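Architecture at a glance
Here's the letter readout for the chains.
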Amino acid sequence: MQTQYDVIIAGGGMVGSTLACLLGKSGKRVAVLEGHEPSAFAPTDPYDLRVSAISRASQRALAEAGVWEGVAARRASPYESMRVWDATGDGEICFDAADLGEPDLGHIVENRVVQLALLDAIRASDAIDLYCPEKIAEFTLEEPQVTVTLQSGKTLTAGLLVGADGAQSKVRQLAGISLETHDYGQKGLVCVVKTELPHQFTAWQRFMPSGPLAFLPLGDGSCSIVWTLPADRADALLLLSDAEFCRELTQALDKRLGEVTAVGERAAFSLRGRHAEPYIQERLALVGDAAHTIHPLAGQGVNLGIKDAVELAQQIRQASGDIGSLKVLRAYERARRGDNVLTQKAMEGFRLLFGNTLTPWKILRNSGLTIVNRMGFLKYEMAKRAMGI
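A short tour of the structure in this document, coming up. None of the values given here were measured: they were computed from a predicted structure.

Focus: the sheet that holds strand β3 (residues 51-55)
The strand order across the open sheet built from 3 strands is β3-β7-β4, with neighbouring strands paired in antiparallel fashion. Looking at the sheet topology across the chains shown, the edges are occupied by β3 and β4 (77-79). On average, each strand axis in the sheet is inclined to that of its neighbour by 30 degrees, with strand direction left out of account. Those strands touched by helix α5 (residues 111-124) are β3 and β7 (106-110), and its axis lies near 85 degrees from that of β7.

Details of unusual backbone geometry
Note the cis peptide between C132 and P133, where omega equals 0 degrees. With respect to the helices and strands, P133 occurs in the loop between β8 (128-131) and β9 (136-142). In this structure, the amide linkage connecting E143 to the following residue, P144, adopts the cis form with an omega of 10 degrees. Within the chain, K255 stands out as a residue other than glycine whose phi angle is a positive 55 degrees. Residue classification places K255 among the partly exposed positions, given a relative accessible area of 44%.

Here's the deal with the pattern of salt bridges
For the structure shown, the criterion picks out 23 salt bridges. With its nearest N and O atoms 3.2 Å apart, the salt bridge here joins E92 to R256. Within this pair, whereas E92 is found in strand β6 (residues 92-96), its partner R256 is found in the loop between α8 (242-252) and β16 (260-263), the two being separated by 164 residues in sequence. Each of K307, D308, R336 and D339 takes part in one network of salt bridges that share partners.

Focus: the packing of aromatic side chains
Going through the model one piece at a time under the given rule, you end up with 4 aromatic pairs. Between W85 and W204, the ring centres sit 6.4 Å apart and the planes meet at 85 degrees, which makes this aromatic pair edge-to-face. Of this pair, W85 sits in strand β5 (residues 81-86) while W204 is found in strand β13 (residues 202-208), placing the two residues 119 residues apart along the sequence. Taken as a pair, W85 and W204 share a single burial class, namely buried. Aromatic pair W227 and F245: ring centres 6.3 Å apart, planes at 55 degrees, arrangement tilted. With W227 in strand β15 (residues 223-230) and F245 in helix α8, this residue pair connects regions lying 18 residues apart in the sequence.

Side note on helix α1 (residues 14-25)
Compared with the 16 Å implied by 1.5 Å per residue over 12 residues, the 17 Å span of α1 between its first and last C-alpha is a close match. With 11 of its 12 residues buried, α1 lies for the most part within the structure. By the burial criterion, the buried members of α1 are M14, V15, G16, S17, T18, L19, A20, C21, L22, L23 and G24. In the stretch just after α1, G27 is the one whose phi turns positive, near 95 degrees.

Some words on the nonpolar core
Residues I8, L33 and L312 are the most contacted members of the largest nonpolar core, which totals 67 residues. Once you skip the residues sitting within four places of it in the chain, L312 turns out to touch L19, V162, A285, V287, L329 and Y332. Counting residues in each nonpolar core, the second largest holds 22 residues, with M208, F215, L249 and V263 among its members.

Examining the packing of α1 against helix α9 (residues 301-318)
Interhelical geometry of α1 versus α9 gives an angle of 25 degrees and a closest axis separation of 9 Å. Judged by the angle between their axes, α1 and α9 are roughly parallel. Considering only the axes of α1 and α9, their crossing is right-handed. From α1, M14, V15, T18, L19, L22 and L23 reach across to α9, where they touch V302, G305, I306, A309, V310, L312, A313, I316 and R317. Along the lines of polarity and charge, the residues of the contact of α1 with α9 split into 12 nonpolar, 2 polar and 1 charged.

Rules behind the numbers
Within every chain, residues take consecutive numbers counted from 1 along the sequence as written. In keeping with the model being predicted, local features are shown solely for residues with a pLDDT of at least 70 and side-chain atom pairs are shown and tallied solely at 80 or more, while totals for entire chains, interfaces and linings include all residues. Side-chain figures throughout are based on the complete set of non-hydrogen atoms in the structure, without hydrogens or water. Paired strands, as defined in this entry, are two strands with at least two bridges between them according to DSSP. Strands here are runs of E lasting at least two residues and helices are runs of H or I lasting at least four, both read from the DSSP assignment and numbered beginning at the N terminus. Orientation is described by axes fitted as lines to C-alpha atoms, over the contacting stretch for helices, and by angles from 0 to 180 degrees between their N-to-C directions. Note on contacts: a residue pair is in contact if any heavy atoms of the two residues lie within 4.5 Å. The cut-offs for exposure are 20% and 50% of the maximum accessible area for each residue type, with area from a 1.4 Å probe on protein chains only; residues under the lower value are buried, those over the upper are exposed, and the others partly exposed. In the sections that follow, a salt bridge refers to a side-chain nitrogen of Lys or Arg positioned within 4 Å of a carboxyl oxygen of Asp or Glu. In summary, the pairing rule links any two rings of Phe, Tyr or Trp, Trp by its six-membered ring, whose centres are within 6.5 Å, and it sorts them by plane angle into stacked for under 30 degrees, edge-to-face for over 60 and tilted for everything else. To estimate the expected span of a helix, subtract one from its residue number and multiply by 1.5 Å. Take the buried Ala, Val, Leu, Ile, Met, Phe, Trp, Tyr and Cys residues and link them wherever side-chain atoms come within 4.5 Å; each set so joined is a nonpolar core. Angles below 35 degrees are treated as roughly parallel, those above 145 as roughly antiparallel, those between 65 and 115 as roughly perpendicular, and all remaining angles as oblique. For a crossing to be left-handed, the near helix must be turned anticlockwise from the far one by less than a right angle; the clockwise case is right-handed. Amino acids are sorted into nonpolar (Ala, Val, Leu, Ile, Met, Phe, Trp, Tyr, Cys and Pro), charged (Asp, Glu, Lys and Arg) and polar (every other residue, Gly among them).

Here it is as structure tokens:
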């Protein structure tokens, strides 16, 4: 391994590793710092609790990075339709891939599976060096480069440092970049369940005043659930017996998949919206959760992060001069901040809209869902935007 690179990426998760692979394919010398090696994968492993809904746009990016085949070879569960409805009325909207001329709307994939496929590609690349387990300790700007000191004491230099190290980003903290944070007072409860009726390769989402419940189809016929709840309610549900929890979950989904017959390990994580201001400094850029986190009700978090990686890689490839200059990095920030803020605010708006129990609001949202469901052009323009096609 050398010590001089074009780009150093702190964080080898899904977003950071996608960026590394895209840059490596364009001939840039890249160092990736990752603190933890994900556990090995076996087809007989139970499904992980943490999964992502990978959009068609993200799938294209992973294919461009040379890793989608590695993801699919492990396991990726396509979903061909989506059903969304309001628990307080009869409003419902349905999306089907066939109506869009697409084979699917996206894939439900375990985060670990995506990361493992990316790390395989990183190790196979002559342009990328992986430092694992390793983390950033500090960095200093010494024009025309940034010097990064690792926790092991080793030092690396590059024209650009990228923080892809998650919501608690050490890079962001070291840079002194401020963070706007909004605590939603909710938790996302996750687990894998089996149901009486088949999921039909459909993503099911019911909006309740307390928060949305999503059943995401997995390849073995089970479903990964994400249930957004007030924090105290989520904690209480974690304490129920499996039988009691299955009964609660069956009622919460309105028995759309019959009885919930089995449940695996349960966990809950706090939900907060975050946005960094700014995303960039001289020779530094933030991507993914290091720059922004959003409410998970539409499952767009990782897809926004992968969009960040694609845009930053494109700006670096197109740069005619110094890739760490503010001119290049501002172009990246301009391209991504608006989309990220809009999506974050839209998710917060949906949360407030569906959480309102006043009768006029219930009538408005139910009639709105029904009207949009009947307006084919508008509905599928919405679907295409979400899919990135």
